[in-house]
Amino acid sequence: MSLTPNETAAILPLAIPAVAACLIPIASLDRDQSTQKWIRAAIFAIAIIALGASFWYTTRIWGSGMQPSYRYLSLDRLAQFAAIFVQISAVYAVLQLWDHLHHEGWVKGEILALLLFSVVGMMLFAATSNLVLMFLALELFSIPLYALTAIVRVRTKAFEGGVKYFLTGAVASSCFLMGIVLLYGMTGSFDLNVIAQSLAKGVLDPLALLGAALLLMGFVFKVSAAPFHQWTPDAYEAAPHPIAGFMSVATKGIAIIALIRVFGAHLVPIAEIGSRAQTAFAALAVITLIIGNLAALSQTNFKRMLAYSSISHAGYLLLGFVAGTTEAHQAILFYLCSYLLMNLGAFGLLSAFGLVGDDTQFRDMRGLGWKRPGIGVAATICFLSLAGIPPTAGFIGKYLLFKELILQGHVVLAIIAIVASLVSVAYYLKPIIAMYMEPPKEDSEPVIAPFAGATVLVSGVLIIVLGLIPGRLLDGLVKPSIIQVQGGAADAEVEVVEISLEELSPNQLKDSF
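Predicted, not measured: the structure shown is a model, and the values here were computed from it.

## A short note on the overall build of the protein
Here is step 1 of the chain: A tally of helices and strands in the protein yields 20 helices and two strands.
Here is step 2 of the chain: Radius of gyration (C-alpha) of the protein: 22 Å, near the 24 Å computed for a compact globule of 513 residues.
Here is step 3 of the chain: If you line up the protein on its principal axes, its C-alpha atoms span 75 × 55 × 45 Å.
Here is step 4 of the chain: The burial tally for the protein puts 58% of its 513 residues in the buried class.
Here is step 5 of the chain: In the protein, of all internal contacts separated by at least 6 residues, the share reaching a separation of at least 24 is 81%.
Here is step 6 of the chain: Put simply, the protein shows about 19800 Å² of open surface, and 67% of that area lies on carbon and sulfur atoms.
Here is step 7 of the chain: Charge centroids of the protein, computed over 29 positive and 31 negative side chains, lie 9 Å from each other.

If you want it as structure tokens, here you go:
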């Protein structure tokens, strides 16, 4: 079978990391002590080269203006944004893993292979409008993350966190799949365009509403929004620091981007779904902001604080869906870009300071800001940006979201979000106080972590740059990525065919794809 250049362009950004993920376990089979350092360098080089090549090819597609597709895989502007977002997150994680694994004294090639498989699944998840393919992509990026959470088997918390993540993830996947089944039963198709057009005709069946609600539950779990957030602190605490950072950014980000495609562009424009979805998003956002911020205040463990912080940021992102405009969706994508820098910089601080295993309490960070002043300052910028302090990228992201909320008449929600942001300052100051205002441990020595340190420094610089010059990112990457939701599926004409299970033949099932 020969592929056209357009089809090849759609497949290649996903194929490159997939091939690398298959090569890394083969390269790491050699256990000879004399070649261990070379093998370690080789598998990390394969991962970085694969991610770099995929990123380079995706940016070339973006620059050319192409939107290639292959069957149910469509690499449109939103999918290209998602791919770039995930690729950068993965590069951060791989660079931090180099130092983190060195400090812990073990190297496993499968950790990079699983990470790359997860990257492929995330890119596919955001690049399809077929619900069955979307579910398969969901499992492709989720199952490696379950394994990565529990990969350090000598730690009891690793097993506990991995099992909790797996069990709650299985329930969420079941809800997602049941939602797909109900929507297929109501419309006879797995394609989002056909589903949206079919549901826009006539009175909406309650089963269709239930299907959309179950679909939303699956997304909300991946976003770590309350009340589906219970797995988050244990999973983040159990996972290696760079993997926890990757999960907090890439998983949340890709779920939000897919939410924009599924709900923002297809289901919300349907009036009966849109009004109910807006109420659901508002309730979820408020509950998430309250639980995330209040729980973070009482934490003494740095990673658990960042986990609850991640939950609260899910609340801010969901507020963009309450506003529901194109500008609000653009604000969501900008917020995700700033969140990538802020959170991966914050998690990278642990590896940059050489804090491994269970050394993640605030007391373990005492005085380290003076021993590594550059990293300390960059990390401080990350924390201030997470709190929304100007002139950082985090402030601009929150400003864009809150402004759109107010313009759409949701003033009370905007006030709640602003108060939540003010509360968050209290717990983001904890690591800053530990780094600069508490005496260092007597036995603490500066560690060498060039790559992890570099990621923190780069994050700090870019956060300030985006805070001062947000227009370049907004105009160059964010605004072209958003699907225009005005005049969407609700206005389209389609012939709705009623079917029953008894009349459904295998050929009809095949055609529904």
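## What about the pattern of salt bridges?
Here is step 1 of the chain: The final tally for this structure, using the stated rule, is seven salt bridges.
Here is step 2 of the chain: With its nearest N and O atoms 2.9 Å apart, the salt bridge here joins Lys 164 to Asp 234. Placement of the pair is Lys 164 in helix H6 (residues 156-187) and Asp 234 in helix H9 (residues 231-238), with a sequence separation of 70 residues.
Here is step 3 of the chain: On the basis of relative accessibility, which here comes to 17%, the residue Asp 234 falls in the buried class.
Here is step 4 of the chain: The partner of Glu 237 in a salt bridge is Arg 304, and the shortest N-O contact between them spans 2.8 Å. Remark: Arg 304 occurs in helix H12 (residues 302-323) and Glu 237 occurs in helix H9; sequence separation between them is 67 residues.
Here is step 5 of the chain: When salt bridges that share partners are traced, they join Lys 157, Glu 160, Lys 164, Asp 234, Glu 237 and Arg 304 into one network.

## Considerations on the nonpolar core
Here is step 1 of the chain: Counting 179 residues, the largest nonpolar core has Phe 125, Phe 219, Leu 259 and Phe 383 as the members making the most contacts within it.
Here is step 2 of the chain: Element by element, the count of residues in this core is highest for helix H13 (residues 326-352), at 18 residues.
Here is step 3 of the chain: With residues up to four places along the chain from it excluded, the contact list for Phe 125 reads Met 134, Ala 137, Leu 138, Phe 141, Phe 176, Phe 219, Ile 254, Ala 255 and Ala 258.

## A few points about the packing of aromatic side chains
Here is step 1 of the chain: Counted by the stated rule, this structure contains 25 aromatic pairs.
Here is step 2 of the chain: Between Tyr 165 and Trp 231, the aromatic rings sit 4.5 Å apart at their centres with planes inclined by 10°, giving stacked as the arrangement. Of this pair, Tyr 165 sits in helix H6 while Trp 231 sits in helix H9, and the two are 66 residues apart along the sequence.
Here is step 3 of the chain: According to the relative accessible area criterion, Tyr 165 is buried, its value standing at 0%.

## With respect to a nonpolar patch on the surface
Here is step 1 of the chain: A cluster of nonpolar side chains, namely Val 458, Val 461, Leu 462, Val 465, Leu 468 and Ile 469, defines an oily patch on the protein surface of about 510 Å² accessible area.
Here is step 2 of the chain: Given the relative accessible area of 36%, Leu 462 is considered partly exposed.

## Topic: unusual backbone geometry
Here is step 1 of the chain: For the peptide bond that leads from Ala 226 to Pro 227, omega is 5°, which places it in the cis range.
Here is step 2 of the chain: Looking at the secondary structure, you find Pro 227 in the loop between helix H8 (206-223) and H9.
Here is step 3 of the chain: Note that the residue after Pro 390, namely Pro 391, is joined by a cis bond; omega there is 5°.
Here is step 4 of the chain: Of note, the phi angle at Arg 71 is positive, near 55°, even though the residue is not glycine.
Here is step 5 of the chain: Relative to the helices and strands, Arg 71 is located in the loop between strand E1 (69-70) and strand E2 (73-74).
Here is step 6 of the chain: Positive phi outside glycine occurs at Ser 224, with the angle close to 70°.
Here is step 7 of the chain: Mapped onto the elements of the fold, Ser 224 is located in the loop between H8 and H9.

## Observations concerning the environment of Leu 407
Here is step 1 of the chain: Position of Leu 407 relative to the elements: it lies in helix H16 (residues 393-407).
Here is step 2 of the chain: For Leu 407 and Val 171, which are 236 residues apart along the polypeptide, the C-alpha to C-alpha distance reads 37 Å.

## Observations concerning the side chain of Asn 293
Here is step 1 of the chain: As for its placement among the helices and strands, Asn 293 is situated in helix H11 (residues 271-297).
Here is step 2 of the chain: We classify Asn 293 as buried; its relative accessible area is 2%.
Here is step 3 of the chain: At 2.7 Å, the side chain of Asn 293 and the side chain of Tyr 427 are in polar contact.
Here is step 4 of the chain: When neighbours within four sequence positions are excluded, Asn 293 is seen to be in contact with Ser 312, Tyr 316, Ala 420, Val 423, Ser 424 and Tyr 427.

## Regarding the confidence of the model for the protein
Here is step 1 of the chain: Chain-level pLDDT for the protein is 87 on average; 91% of the residues reach the 70-or-more range.
Here is step 2 of the chain: Across the protein, element-level confidence peaks in H16 with a mean pLDDT of 95 and bottoms out in helix H20 (residues 506-511) with 46.
Here is step 3 of the chain: Under a pLDDT of 50 for its full length, residues 484-506 has, in the predicted model, 28 contacts with residues more than four places off or in other chains.

## A look at H13
Here is step 1 of the chain: Here H13 contains 27 residues, and its C-alpha end-to-end distance of 39 Å stays within 8% of the 39 Å for a straight helix at 1.5 Å per residue.
Here is step 2 of the chain: Of all 27 residues that make up H13, 26 are buried, and the element is covered over most of its length.
Here is step 3 of the chain: Count one or two residues on from H13 and you reach Gly 354, which has phi positive near 75°.

## Details of the packing of helix H1 (residues 5-27) against helix H4 (residues 109-125)
Here is step 1 of the chain: Contact geometry of H1 with H4 gives a least axis separation of 8 Å together with a crossing angle of 160°. For the element pair H1 / H4, the angle class is roughly antiparallel. Handedness of the crossing formed by H1 with H4: left-handed. In contact with Pro 13, Leu 14, Pro 17, Ala 18, Ala 20, Ala 21, Cys 22, Ile 24 and Pro 25 of H1, H4 contributes Gly 109, Leu 112, Ala 113, Leu 116, Phe 117, Val 120, Met 123 and Leu 124.
Here is step 2 of the chain: Across the contact of H1 with H4, the residue classes break down as 16 nonpolar, one polar and no charged.

Reading guide: rules and limits
- Residue numbering note: each chain is counted from 1, following its sequence as written.
- Residue-level local features of this predicted model are given only where pLDDT is at least 70; pairs of side-chain atoms are given and counted only at 80 or more, and the full residue set underlies all totals for whole chains, interfaces and linings.
- Hydrogens and waters are ignored; side-chain quantities use all the structure's heavy atoms.
- Strands are runs of DSSP state E lasting at least two residues, helices are runs of H or I lasting at least four, and both sets are numbered from the N terminus onward.
- The globule rule is 2.2 Å times the number of residues to the power 0.38, and the radius of gyration it is compared with is taken over C-alpha atoms.
- Exposure categories follow from relative accessible area, calculated using a 1.4 Å probe and restricted to protein chains: below 20% of the type maximum is buried, above 50% is exposed, and the middle band is partly exposed.
- Residues are treated as being in contact if the distance between any of their heavy atoms lies within 4.5 Å.
- In this description, accessible areas are obtained by the Shrake-Rupley approach with a 1.4 Å probe, and a residue is regarded as covered only by the protein chains that are shown.
- Positive charges come from Lys and Arg alone, negative charges from Asp and Glu alone, with His and the N- and C-terminal ends not counted.
- By convention, charge coordinates are those of NZ in Lys, CZ in Arg, CG in Asp, or CD in Glu.
- What makes a salt bridge here is a side-chain nitrogen of Lys or Arg within 4 Å of a carboxyl oxygen of Asp or Glu, nothing more.
- By nonpolar core is meant a set of buried Ala, Val, Leu, Ile, Met, Phe, Trp, Tyr and Cys residues that side-chain atoms within 4.5 Å join together.
- Two rings from Phe, Tyr or Trp (for Trp, the six-membered ring) form a pair when their centres are within 6.5 Å of each other. A pair whose planes differ by under 30 degrees is stacked, one over 60 is edge-to-face, and the rest are tilted.
- Think of a patch as exposed residues, more than 30% relative accessible area, with no salt bridge, where like charges cluster within 9 Å and nonpolar side chains (Val, Leu, Ile, Met, Phe, Trp, Tyr) cluster within 5 Å.
- For the purposes of these results, a polar contact is taken to be a pair of N or O atoms within 3.5 Å, where, inside protein, one atom must be able to donate a hydrogen and its partner to accept one; residues adjacent in sequence count only when each atom of the pair is a side-chain atom.
- The score called pLDDT rates the predictor's confidence residue by residue, from a low of 0 to a high of 100.
- One less than the residue count of a helix, multiplied by 1.5 Å, gives the span that helix is expected to have.
- All axes here are fitted lines through C-alpha atoms, helices being fitted over the stretch that makes contact, and every angle between N-to-C directions spans 0 to 180 degrees.
- The scheme is simple: roughly parallel for angles under 35 degrees, roughly antiparallel for over 145, roughly perpendicular for 65 to 115, oblique for anything else.
- Left-handed describes a crossing whose near helix is turned anticlockwise from the far helix by less than a right angle; the clockwise case is right-handed.
- Classification convention: Asp, Glu, Lys, Arg as charged; Ala, Val, Leu, Ile, Met, Phe, Trp, Tyr, Cys, Pro as nonpolar; all other residues, Gly among them, as polar.

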